[in-house]
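# Per-entry structural report
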Amino acid sequence: MALNIKIEKTTAPKAKPDWSKLGFGKIFTDHMFIMDYTEGQGWHDARIVPYQKIALEPSAMVFHYAQEMFEGLKAYKTADGQVQLFRPQKNIERMNNTNKRMCIPQVDPDDVLQAIKAVVDVDRDWIPEAEGTSLYIRPFIIAVDPFLGVHVAKQYMFMIILSPVGSYYPDGINPVKIFVETEYVRAVKGGTGYAKVGGNYAASLIGQEKAEKLGYAQVLWLDGIEHKYIDEVGAMNVFFVIDGEIITPSLEDGNILPGVTRASCIELLRSWGYKVTERKVSVAELYDAHAAGKLNEGFGTGTAAVISPIGELNDDGNKIILNDGKIGPISQKLYDNLTGIQWGRVADPFGWVEKV
Ligand code: COI
């Protein structure tokens with residue numbers, strides 16, 4: 001049965017921003033979706049309301065023990081004015097995998113898709129149209145019981161907020177400089193690395209701060225045991241091309257976020273006949289390949305970051321420049337085709353887009 005969503009529209013719509021200066025995640029639309037969960041009752045009271053502050057007890061469990069999750073996907077406006085989502089079912093599937101890990105109740109995938117489409121539809125006129133811009137969709141769930149015992153909560157709020165965005169990095173698709181983090185770790189086997197939870201990002205801030213002070217855009221996280229193998233960049237999964245073979249860390253150990261863009265790139269690359277291998281890759285292997293002239297290019301993938309070429313790696317002061325600091329041919333081809341499908345400029349042979 002379809003979700004019964006009550007809609008209360010704002011009586012005071014906000015002025016639209018300057019679409020050419022969006023950046024990432026700074027502006028929010030006129031409406032939001034909310035649904036509550038109460039033990040014994042399940043998810044209830046689905047509603048779309050004006051974007052607003054929410055009232056929570058200071059004792060709400062999410063503030064203390066971080067029982068929460070989030071997702072990220074985008075809505076795109078095509079040249080003929082249609083609105084489409086990119087593989088929303090993958091985000092919803094990952095949402096329930098995260099919920100399982102975090103002891104948050106499961107959500108009905110059809111209800112979540114309906115809620116996403118409904119709130120995007122209400123704020124349709126907030127979807128920017130300029131090249132490279134889209135509407136970022138942020139579904140998230142928080143534990144709200146007023147209780148200080150360390151326990152699984154009994155009450156939750158599920159919300160969806162929307163933000164018109166441009167590129168995640170100020171330099172757009174220009175190559176980013178990445179700092180290899182050798183002191184702190186992001187995830188270990190058995191932890192929450194594969195789940196989309198705020199705690200993973202909170203734990204990464206210290207490395208991110210260090211990298212930014214040194215002029216680097218992001219941190220390349222290494223495995224939590226040997227500090228040897230590459231995991232991911234926090235806001236992106238990573239790929240490297242060594243001697244024509246495309247290599248990305250495997251999901252096997254559960255340290256890495258199973259990115260929707262990551263999976264889509266692997267499928268696209270394989271459909272074009274490239275060899276893509278998901279396996280362990282050490283920093284030493286990257287540096288050796290570079291020394292041998294075989295490290296062709298590297299790039300990060302993510303919903304927010306899209307395809308972001310890697311221009312430089314810095315491992316403990318030892319710097320290497322990839323592809324002369326320029327966008328590599330594989331990064332460019334992926335960027336053109338992926339964004340082409342998302343904005344409806346190229347055919348969608350895989351059936352990835354979903355109309356709103
Ligand atoms: C996304 O790409 O949607 C993410 O969630 C990364 C984010 C932390 C900005």
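Structure report, in brief. (Residues numbered from 1 in each chain as written. Predicted model: local features only at pLDDT ≥ 70, side-chain atom pairs only at ≥ 80, totals over all residues. Heavy atoms only, no water.)

### Some points on the overall build of the chain
- Counting secondary structure elements, the chain contains 7 helices and 17 strands.
- In summary, the chain has a C-alpha radius of gyration of 21 Å against a globular reference of 21 Å for 356 residues, a match within 12%.
- The principal-axis extent of the C-alpha atoms belonging to the chain is close to 60 × 50 × 35 Å.
- Within the chain, the proportion of its 356 residues that are buried is 53%.
- Residue pairs at least 24 apart in sequence account for 72% of intrachain contacts in the chain once pairs closer than 6 positions are excluded.
- Accessible surface for the chain amounts to roughly 15800 Å². Of this, 52% is attributable to carbon and sulfur atoms.
- Computed over 37 positive and 45 negative side-chain charges, the separation of the two mean positions in the chain equals 1 Å. (Helix = DSSP H or I, 4+ residues; strand = E, 2+ residues; numbered from the N terminus. Rg over C-alpha atoms; globule rule 2.2 N^0.38 Å. Buried < 20%, exposed > 50% of the residue type's maximum accessible area, 1.4 Å probe, protein only. Contact = heavy atoms within 4.5 Å. Areas by Shrake-Rupley, 256 points an atom, 1.4 Å probe, with all protein chains shown as cover. Lys, Arg positive; Asp, Glu negative; His and termini not counted. Charge placed at Lys NZ, Arg CZ, Asp CG, Glu CD.)

### Side note on helix α2 (residues 88-101)
- Relative to the 20 Å expected for 14 residues at 1.5 Å per residue, α2 spans 20 Å between its end C-alpha atoms, a close match to the ideal helical length.
- Every buried residue of α2 is listed here: Pro88, Asn91, Ile92, Arg94, Met95, Asn96, Thr98 and Asn99. (Expected span 1.5 Å × (residues − 1).)

### A word on the pairing of strand β6 (residues 83-86)
- Of the two faces of β6, the one lined by Val83 and Leu85 and the one lined by Gln84 and Phe86 are each fully buried.
- If you look at the hairpin formed by strand β5 (residues 73-77) and β6, you'll find 5 residues sitting between the two strands, and Gly81 has a positive phi there, around 85 degrees.
- Sheet analysis places β6 next to strand β17 (residues 353-355), joined by 3 bridges and oriented antiparallel. Of the residues in β17, the one forming a bridge with Phe86 is Val353. (Pairing = 2+ DSSP bridges.)

### What about helix α7 (residues 329-342)?
- Here α7 spans 20 Å end to end across 14 residues, near enough to the 20 Å set by a 1.5 Å rise per residue.
- Looking only at α7, the buried set comprises Ile330, Ser331, Leu334, Tyr335, Leu338, Thr339, Gly340, Ile341 and Gln342.
- Looking one or two places after α7, you find Gly344, whose phi comes out positive at around 70 degrees.

### Some remarks on unusual backbone geometry
- Positive phi, close to 55 degrees, is recorded for Cys103, a residue that is not glycine.
- Mapped onto the elements, Cys103 comes out in the loop between α2 and α3 (109-122).
- Here Val306, not a glycine, exhibits a phi torsion of approximately 60 degrees, which is positive.
- According to the relative accessible area criterion, Val306 is buried, its value standing at 14%.

Purely geometric stuff here, so don't read any function into it on its own.
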